[in-house]
Every structure is written in C-alpha cells, then in structure tokens.
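# An overview of the molecular structure
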Amino acid sequence: MPPAFDLDRIVAAIRTAADRPDGPIPLHEPDFAESELAAVAAAVESTLVSTVVPEVERFERLLAAATGAPHVVATINGTAALQVALQLAGLDSGDEVLVPALTFVATANAAVYLGATPHLVDSEPVGLGVDAAALRTHLERIAERRRDGCRNRLTGRTIRALVPMHTFGMPADLEPLAELADEWGLALVEDSANALGTLYKGRHVGTSGRCGVLSFNANKIVTTGGGGALLTADGDLARRARHLTMTAKVDHPWEYFHDEVGYNFRLPGLNASLGCGQVARLDELVARKRRLADRYHRAFADLPGLRIVPDPPWGRSNRWLVALELAPELAGRRDELLERARGEGIGLRPPWTPLHRLPMYSAAPKAPLPVAEALADRLVNLPSGARLGGPPGE
Ligand SMILES: *Cc1c(COP(=O)(O)O)cnc(C)c1O
C-alpha cells in the first residue's frame, strides 16, 4: 500500500514551519530593509541611475568579498552573464554545451543565443546537480577526445563546455565534474544563478571553473529587481567581460569608438543601489532561510512518504527554494497538492519542466535522463522567503 497522502496534514506542516497559520504564503518574497529603500531614493535624487556610476562598482566589490571571487562583473541579468561567460569560455556557433536537463530554461537559452546547441545530461539524486559518473559513461559512448577538443561522434559537433547548475541553491558535486571537464577538454562554467551564499567544501560556488554567474532577479536570495554578475579568477577574462557588456566601447573622454560587437548588458546603478544593502545582509538572509529549512525538516519528520531534501554531504545550501520529495508511489498525486495549495494562496511550485519536454529542446542531443525525469515528477518547492518561519533571531 502506498503511504497515506493527507493534504490537510501536509498543508498544516507547511503552515507550521512557515509560521503562517492562515492566509496566503508567497513562494519567495524579497526582504528589503529601510536602509535599502533609502539607498534607492538617494540614487534617484543623485540622478546617478545609469550604468557608469560608482554604485555598480561598489556592488561588484561587495560581491567579490561575499563570494571570494577575485573579479566580478555586474550585468543586466543572470542570463546575460551566462551568455557572456559562455562566449568568453570559447563557445562558438555550431558547438554543443552540456547542460542539465533539469534546470531553468535560461541555462540552455544562453547557449542558443550564441548559435550553439545545448546537450542535455542527467542529474544525481543527492545534491540534484549534474551526475559526473553518468556523464562520463555517456561521453565514453558518444564522444571522442581529440587534440582540438571533445567531439560528439553522433552529431559531428564539438562539445565545448560543461555548465553545472546548483539546483534550488544546493551545491552540485563540483570536484568530479571539474575532473571530467579536464579529462575531456571542456570549459567549466557554473550556472550558480540561484546559489549566492552556497558553499561547496567550504568554498563559494561559481568560483571553481572558468567562470560562474549569479542572478539578482526578484525571487532570488538577494535581489536588485533584475540583475546578474559574472565571477572569475581570470583578470583577462574579467576585462573582456566588462568590455563586452558595455558595448565594447574603448575608454576615451569623448570619442565613441567600439572595437567589436558588444552588448548593452551592464547593470544600471539604480539596481546596484538596491543590491549593495542586500549583499551586506547576505549572511543574515542565508541564516534565516536555513532556519526555515530546519523548521520544514521538523514539520515533515513524521509524514510518511515525504521528505525535505537535505543538504548534500559536500556542502551548505543557501536554501534558496526548499524542496519536498515525494516517494515514488506518490508521484502521481503531486498535482493534488499543488491544486490544494493554489486554492489557499500557498506558493508551491513544481520544479522546472525538464528541457527535453519543451518544444524547442525536444530534439536536442541528450543522455539518458532517468533521474532528472523522476525528480521533475516527485519534487515540490515550498515557500522559502527569508521572512517566513517567525521573527528574525528567534
Ligand atoms: C534565475 C536563474 C537564471 C537566470 O537569471 P535571470 O537573472 O533571471 O536572467 C539562470 N539559471 C538559473 C538556474 C536560475 O535559477
């Protein structure tokens, strides 16, 4: 017999953990401090709202300090940062790039903007990131190592890069992925868009490959309304990224001279003015979200067939979105829970639709995806905003 699936008990557990006995519970509400509102007002008053203002550089310095990344380039959003990161990692039109099937669509879109093809790979069930062992088996079957890189024998294209993503803020197991990337001559670019504050073996994610990216979209742990950043240890790459994201304009007091086709991807100062205070409170926000995750662990401890996905042994999640996992026998009943929550205004969400189930990626090259498919059907994200779980400090 499958375990009981008692919607009343599940909703009660969510309400207990979130400390919201009644009323709606948003999935992920931003948390702003008075001082952040004042900083935005000051930016407006100063008229320094555009991209070439000191506030953007201050935001970059704060992010460098928060992540340990030697260089940070702020961008208009996370997708733009990913596009530039892939371009600077050498992704060319006609190449393939390995991305998890279970990710936000932007991971693949960024490759397509460059004329490349996403090649979808499977996840592992502990940290929910790209499964390095399964990927090795897949590459050994379909690819060959050549002096000029890794070639997909089935499509004839070069596989240029590997883009692990830190699912719901949980760190992917990066070491085996970095080894694999080395072995096969792949550039490693981390989509750490939702993982600001996440650590892998004590080190901030987004800092172990060629580059990593962050997003500051309104539903992320730290927000600038919209925004993103590229992280790298490579000073040349950072300089190139800054140049490309600012229309490739050559620095000069009056001349408008651009030396290549660049992008208008720089973060505006108005957004940065909100972000500075937010990043300064990152530790507090992570602590509150981790406390909320602990409350979910306790509230769901006695519910059969359900578990809160814990942190993997190799790192500490920022708990961007807490994930509830249904036992395989309950997978078919997930949508009853989503319906019920919707009726009460509780912001539950299924994971992203795996990319091979989207029309534009249904024919993309792919590895077998048993884990991604199972996870997509059995996970539910719970309300995870930092304001939930009772007043700060309790
Ligand atoms: C949010 C997100 C992005 C895109 O960031 P935007 O700032 O919205 O462009 C990319 N990848 C993942 C995994 C994300 O969660």
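Along each chain, numbering runs from 1 in the same order as the chain's sequence is written. With the structure being a predicted model, the display of local features is reserved for residues of pLDDT at least 70 and the display and counting of side-chain atom pairs for 80 or more, all residues being used for whole-chain, interface and lining totals. Here the side-chain values reflect all heavy atoms present in the structure, with hydrogen atoms and water set aside.

## Topic: unusual backbone geometry
Backbone geometry at L128 places phi at a positive 70 degrees, although glycine is not the residue there. For the purposes of this entry, the term helix denotes a DSSP run of H or I that reaches at least four residues, the term strand denotes a run of E that reaches at least two, and both are numbered from the N terminus. For L128, the position within the fold is in the loop between β3 (117-121) and α6 (132-142). Throughout this description, buried means an accessible area under 20% of the type-specific maximum (1.4 Å probe, protein chains only), exposed means over 50%, and partly exposed covers the range between. Residue classification places L128 among the buried positions, given a relative accessible area of 1%. At A248, a residue that is not glycine, the phi angle is positive and equals roughly 55 degrees. Mapped onto the elements, A248 comes out in the loop between α8 (235-245) and α9 (269-280).

## Quick look at the pattern of salt bridges
Salt bridges are defined by distance alone: a side-chain nitrogen of Lys or Arg within 4 Å of a carboxyl oxygen of Asp or Glu. Inspection of the entire model under this criterion finds 29 salt bridges. For R146, the salt bridge identified is with E144, shortest N-O distance 3.8 Å. Using a relative accessible area of 40% as the deciding quantity, one classes R146 as partly exposed. When the shortest N-O distance is used, the salt bridge between K201 and E175 registers 2.8 Å. Taken as a pair, K201 in the loop between β8 (199-200) and β9 (203-204) and E175 in helix α7 (residues 174-184) lie far apart in primary sequence, 26 residues in all. The exposure class assigned to E175 is partly exposed, which follows from its relative accessible area of 42%. Through salt bridges with shared partners, a single ionic network connects D31, E36, R281, E284, R288 and R387.

## Overview of the sheet that holds strand β14 (residues 323-326)
Taken together, the three strands give an open sheet; going across it, the order is β12-β14-β15, and neighbouring strands pair in antiparallel fashion. Since the sheet does not close on itself, it has two edges, and those belong to β12 (306-308) and β15 (379-381), each with one partner. Direction aside, the axes of adjacent strands within the sheet are offset by 25 degrees on average. By the bridge criterion, three bridges tie β14 to β15 in an arrangement that is antiparallel. When the sheet's bridge partners are listed, A323 is paired in β15 with N381. Contacting β14 and β15, helix α12 (residues 370-378) runs over the sheet at an angle of about 50 degrees to β15. Two strands pair under a simple rule: DSSP has to find at least two bridges between them. Orientation is described by lines fitted to C-alpha atoms, with helices fitted over the stretch in contact, and by angles between N-to-C directions that extend from 0 to 180 degrees. Two residues form a contact once any of their heavy atoms are found within 4.5 Å.

## Details of the side chain of R281
Note that R281 resides in the loop between α9 and α10 (282-299). R281 gets classed as buried once you look at its relative accessible area, which sits at 14%. Here the side chain of R281 touches E36 through a polar contact of 2.8 Å, side chain to side chain. Setting aside its immediate chain neighbours within four residues, R281 contacts D31, F32, A33, E36 and R288. What qualifies as a polar contact is a pair of N or O atoms within 3.5 Å, subject to a donor-acceptor requirement within protein and to the restriction that residues adjacent in sequence count only when both atoms come from side chains.

## A short note on the pairing of β14
Residues A323 and E325 of β14 are buried on one face, and the alternating residues L324 and L326, pointing to the opposite face, are buried as well. Relative to β14, β12 runs antiparallel, the two sharing three bridges. From the neighbouring strand, R307 faces β14, where its bridge partner is E325.

## Thoughts on the site of the ligand
Close to the ligand lie 14 residues, the nearest being G78, T79, D191, S215 and K220. One nitrogen or oxygen atom from the side chain of S215 is found 2.7 Å from an oxygen atom belonging to the ligand. Note on areas: Shrake-Rupley, 1.4 Å probe, and residue coverage restricted to the protein chains presented here. Notes on the ligand: free accessible area 380 Å², of which the protein chains cover 92%. Within the residue set of the shell around the ligand, elements represented by two or more residues are α4 (78-88) and α5 (106-113). We call a residue near a molecule or strand as soon as one heavy atom of that residue lies within 4 Å of the molecule or strand.

## As for helix α1 (residues 7-18)
In this scheme, a helix's expected span is set at 1.5 Å multiplied by one less than its residue total. Between the first and last C-alpha of α1 there are 16 Å, a value that for 12 residues agrees with the 16 Å anticipated at 1.5 Å per step. Buried-residue contacts for α1 involve α10, β12 and α11 (334-344). N-capping of α1 is provided by D6, with a side-chain oxygen placed 3.1 Å from the backbone N of D8. Note on α1: the residue one or two positions beyond its end, D19, has a positive phi of about 60 degrees.

## Details of the sheet that holds β9
Taking strand neighbours across the sheet as the criterion, the three strands line up as β9-β8-β13 in an open arrangement whose pairing is antiparallel. Both outer strands of the open sheet, β9 and β13 (315-316), are each paired with one neighbouring strand and no more.

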